[in-house]
Amino acid sequence: MANSTAAAVKVGTPGPAGRTSPEGSQVLSKKKLQDLVREIDPNEQLDEDVEEMLLQIADDFIESVVTAACQLARHRKSNTLEVKDVQLHLERQWNMWIPGYGSDEIRPFKKACTTEAHKQRMALIRKTTKK
């Protein structure tokens, strides 16, 4: 992968110590969440419970992605978490591809399998449109 770079995170190393406020350990703060909501709809206001739930979901998602990416790095017998570890997990488990962090390779497009019922419907449509 041409664009993959190593992150400065050592696998298995705990984060900075001494964080006591819950907001200090969150990647997404309430203010950032409110800014994001205002960007989508300036008139929208989230309830306090909804904000807390969204912040918790975001934290859980980030924790699960980092944990899985660290497991992939360990599987590669590496002590360094790299972008390709996170990319692989996001693509395989969440079907997410982050623009700008991909490789120069063109990802293959997976063509959906057409069922027999779909083929029959399409044949009927073609037949009726010819008339």
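Numbering of residues starts from 1 in every chain and runs along the sequence as written. It should be noted that, the model being predicted, local features are given only for residues of pLDDT at least 70 and side-chain atom pairs only at 80 or more, the latter also being counted only at that level, while totals for whole chains, interfaces and linings use all residues. Values reported for side chains reflect all heavy atoms of the structure, with hydrogen atoms and water molecules removed beforehand.

Draft legend 1. Spatial organisation of a nonpolar patch on the surface. For patch building, the residue pool is restricted to those with more than 30% relative accessible area and no salt bridge; the joining distance is 9 Å between like charges and 5 Å between nonpolar side chains (Val, Leu, Ile, Met, Phe, Trp, Tyr). Note on areas: Shrake-Rupley, 1.4 Å probe, and residue coverage restricted to the protein chains presented here. Basic side-chain nitrogens of Lys or Arg form a salt bridge, by our definition, when they fall within 4 Å of a carboxyl oxygen of Asp or Glu. Taken together, the side chains of Val50, Met53, Leu54 and Ile57 present a nonpolar region at the surface, about 340 Å² in accessible area. Labels follow the DSSP assignment, with helices taken as runs of H or I lasting at least four residues and strands as runs of E lasting at least two, numbered in each case from the N terminus. Structurally, Met53 is set in helix α2 (residues 48-75).

Draft legend 2. Structural detail: the environment of Leu90. If you trace the backbone, Leu90 turns up in helix α3 (residues 83-94). As for Leu90 and Ala69, which are separated by 21 residues in sequence, their C-alpha atoms are 8.9 Å apart. Contacts: residue pairs with any heavy atoms within 4.5 Å of one another. For Leu90, the contacting residues outside a window of four places in its chain are Phe61, Val65, Asn95, Met96 and Ile98.

Draft legend 3. Spatial organisation of the pattern of salt bridges. Within this structure, the stated rule accounts for six salt bridges. A salt bridge links Glu52 to Lys30; the nearest nitrogen and oxygen atoms lie 2.7 Å apart. On the criterion of sequence distance, the pair formed by Glu52 in helix α2 and Lys30 in helix α1 (residues 30-40) is long-range, its members being 22 residues apart. In this structure, the salt-bridge partner of Arg38 is Asp35, at a minimum N-O distance of 2.8 Å. On the criterion of helical spacing, the pair formed by Arg38 and Asp35 is a turn pair, its members being three residues apart in helix α1. Between buried and exposed lies partly exposed: a residue is buried under 20% and exposed over 50% of the maximum accessible area for its type, with that area taken using a 1.4 Å probe on protein chains only. On the basis of relative accessible area, Asp35 is assigned to the partly exposed category, the value being 31%.

Draft legend 4. Region of interest: the packing of α2 against α3. At a minimum axis separation of 8 Å, α2 and α3 run at an interaxial angle of 115°. In the crossing of α2 with α3, the sense of the turn from one axis to the other is right-handed. Across the interface between the two elements, Phe61, Ser64, Val65, Ala68, Ala69, Leu72 and Ala73 from α2 touch Asp85, Val86, Leu88, His89, Leu90 and Trp94 from α3. Working convention: axes come from line fits to C-alpha atoms, limited for helices to the stretch in contact. Angles between N-to-C directions cover 0 to 180 degrees. Each crossing is labelled by how the near helix is turned from the far one, with a counterclockwise turn of less than a right angle marking it left-handed and a clockwise turn marking it right-handed.

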